[in-house]
Amino acid sequence: MANPTLSEKTFRASAETAISTEKMTIQGALNKTYILFGLMLLTAAFTWYQIIPMFQNLQVLWIGSVVGGFALSLFLSFNPKYAPTLAPVYAIIEGVFVASVSYYYGAVYEGIVGQALLGTAVTFGVMLTLYKTRIVKVTERLKSIIVGATLAVMSYYLISFLIGMFTDIQMFEWGNSLFSIGFSLFVITLAAFNLLLDFDNIEKGAQYGAPKYMEWYCGFGLLVTVVWLYFEILRLLSKLSDN
């Protein structure tokens, strides 16, 4: 991520090809973001009440949505022009993921889903305020640090996921040790700072005159980060509950 779906290079490249096409705007990107989040929430609600009761094993939905979402996000990262069509599909897949993960954690830890949703909303609001007031400035140095750290975490998660699928080995981030909790706090902070990069790249996209389809791409990028942030908060709360 970093957010790898949103980068200044992506906007510069798209702007160079948008000579005669309609340009993206910040408001347009926000509108597309609202649509994608609405799709995700509606899908999550439908999955929670209609689909999950038919499944005995939530791992089918969980793993399926993770693999599908990762593959689609990877494709969109290199082909942003398909965002108007595929970003809504990604939002639907993420709705299934959010519902299945939330259902599992909610069944084990009472009230944890509401707490995670509140934590995500508060974090999003705080980071947006920090960005708009320029209390935290998105410099090139800050971008490099966030990008590097995020790629490292994502690489580790991919390795951990593959190990978990094919072996009985459980990596440390799934435990409830102090080290595991500290790791979760670090990743949550990293996800929150990725929001700053998302906001900055959306603003840059409008400044560079990126084509209209980049509005969908921006909404998709924000969705990626927010879902990641929610999942990490959910995991942290579960570790704290176990302790």
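Scroll up to find the structure.
Residues numbered from 1 in each chain as written. Predicted model: local features only at pLDDT ≥ 70, side-chain atom pairs only at ≥ 80, totals over all residues. Heavy atoms only, no water.

Q: Can you walk me through the packing of helix α5 (residues 112-132) against helix α7 (residues 178-208) in this structure?
A: When two helices pack together, you describe them by how their axes are tilted relative to each other and by the distance separating the axes. Look at α5 against α7: their axes get within 9 Å of each other, and the N-to-C directions meet at 50°. Looking at the two axes, α5 sits oblique to α7. Regarding α5 and α7, the two cross each other, and that crossing is right-handed. Residues Thr123, Phe124, Met127, Leu128 and Tyr131 of α5 lie in contact with α7, whose contacting residues are Ala192, Phe193, Leu195, Leu196, Phe199, Asp200 and Glu203. Considered class by class, the residues forming the contact of α5 with α7 number nine nonpolar, one polar and two charged. (Axes fitted to C-alpha atoms, helices over the stretch in contact; angles between N-to-C directions. Helix = DSSP H or I, 4+ residues; strand = E, 2+ residues; numbered from the N terminus. Parallel < 35°, antiparallel > 145°, perpendicular 65-115°, else oblique. Left-handed = near helix turned anticlockwise from the far one by under 90°. Contact = heavy atoms within 4.5 Å. Nonpolar A, V, L, I, M, F, W, Y, C, P; charged D, E, K, R; others polar.)

Q: Would you explain helix α2 (residues 26-51) in this entry?
A: Owing to its 3.6 residues per turn, the α-helix aligns residues three or four sequence positions apart on the same side. An ideal rise of 1.5 Å per residue puts 38 Å on 26 residues; α2 measures up with 36 Å between its terminal C-alpha atoms. Taken as a whole, α2 has its buried residues at Gly28, Ala29, Lys32, Thr33, Leu36, Met40, Thr43, Ala44 and Thr47. (Expected span 1.5 Å × (residues − 1). Buried < 20%, exposed > 50% of the residue type's maximum accessible area, 1.4 Å probe, protein only.)

Q: Where do I start with the environment of Thr123 in this structure?
A: Relative to the helices and strands, Thr123 resides in helix α5. Each C-alpha atom of the pair Thr123 and Tyr230 lies 9.7 Å from the other, and the pair is 107 residues apart in sequence. Sequence-distant contacts of Thr123, that is, excluding residues within four places in its chain, are made with Ala192, Leu229 and Ile233.

Q: What should I look at first to understand a nonpolar patch on the surface in this one?
A: Taken together, the side chains of Ile63, Val67, Phe70, Leu74, Phe78, Leu158, Leu162, Met165 and Phe166 present a nonpolar region at the surface, about 890 Å² in accessible area. Residue assignment for the nonpolar patch shows that the elements contributing at least two residues are α3 (59-78) and α6 (140-166). At five residues, α3 tops the list of elements feeding residues into the nonpolar patch. Topologically, Val67 is positioned in helix α3. Judged by relative accessible area, which is 42%, Val67 ranks as partly exposed. (Patch = residues over 30% accessible without salt bridge, like charges linked within 9 Å, V, L, I, M, F, W, Y side chains within 5 Å. Areas by Shrake-Rupley, 256 points an atom, 1.4 Å probe, with all protein chains shown as cover. Salt bridge = Lys/Arg side-chain N within 4 Å of Asp/Glu carboxyl O.)

Q: Is there a simple way to explain the nonpolar core in this structure?
A: One broad rule of soluble globular proteins: the nonpolar side chains tend to lie buried together. Ranked by internal contacts, the top residues of the largest apolar core, which has 59 residues, are Tyr105 and Phe220. Those elements giving two or more residues to this core turn out to be α2, α3, α4 (83-108), α5, α6, α7 and α8 (214-242). Broken down by element, the residue count for this core peaks at 18 residues, all from α8. Counting six residues, the second-largest nonpolar core is a separate cluster that includes Ala44, Leu58, Leu61 and Ala99. (Core = buried A, V, L, I, M, F, W, Y, C linked by side-chain atoms within 4.5 Å.)

Q: Looking at this structure, I do not really get the pattern of salt bridges. What am I missing?
A: Opposite charge on two side chains permits pairing when their charged atoms draw close. Enumeration over the complete set of coordinates arrives at eight salt bridges. The partner of Asp200 in a salt bridge is Lys143, and the shortest N-O contact between them spans 3.2 Å. Of this pair, Asp200 sits in helix α7 while Lys143 sits in helix α6, placing them 57 residues apart in sequence. The exposure classification of Asp200 matches that of Lys143, with both residues buried. Across the salt bridge formed by Lys204 and Asp200, the nearest N and O atoms sit 2.9 Å from each other. In this pair, Lys204 and Asp200 both sit in helix α7, four residues apart, roughly one turn of the helix. The same class applies to Lys204 and to Asp200, which are both buried. One network of salt bridges, in which partners are shared, links Glu22, Lys32, Lys212 and Glu215.

Q: Explain the environment of Lys137 here, please?
A: Among the structural elements, Lys137 can be located in the loop between α5 and α6. Its relative accessible area of 59% is what places Lys137 among the exposed residues. For the pair formed by Lys137 and Leu196, sequence separation is 59 residues and the distance between their alpha carbons is 8.7 Å.

Q: What is the right way to read the packing of aromatic side chains from this model?
A: Overall, the coordinates contain 14 aromatic pairs when judged by the stated rule. Summarising the aromatic geometry, the rings of Tyr105 and Tyr109 are spaced 6.4 Å apart at their centres and angled 25° between planes, so their arrangement reads as stacked. Its relative accessible area of 16% is what places Tyr109 among the buried residues. Through a chain of ring-to-ring contacts, three or more aromatic side chains come together here, namely Trp62, Tyr104, Tyr105 and Tyr109. (Phe/Tyr/Trp six-rings, centres within 6.5 Å; stacked < 30°, edge-to-face > 60°.)

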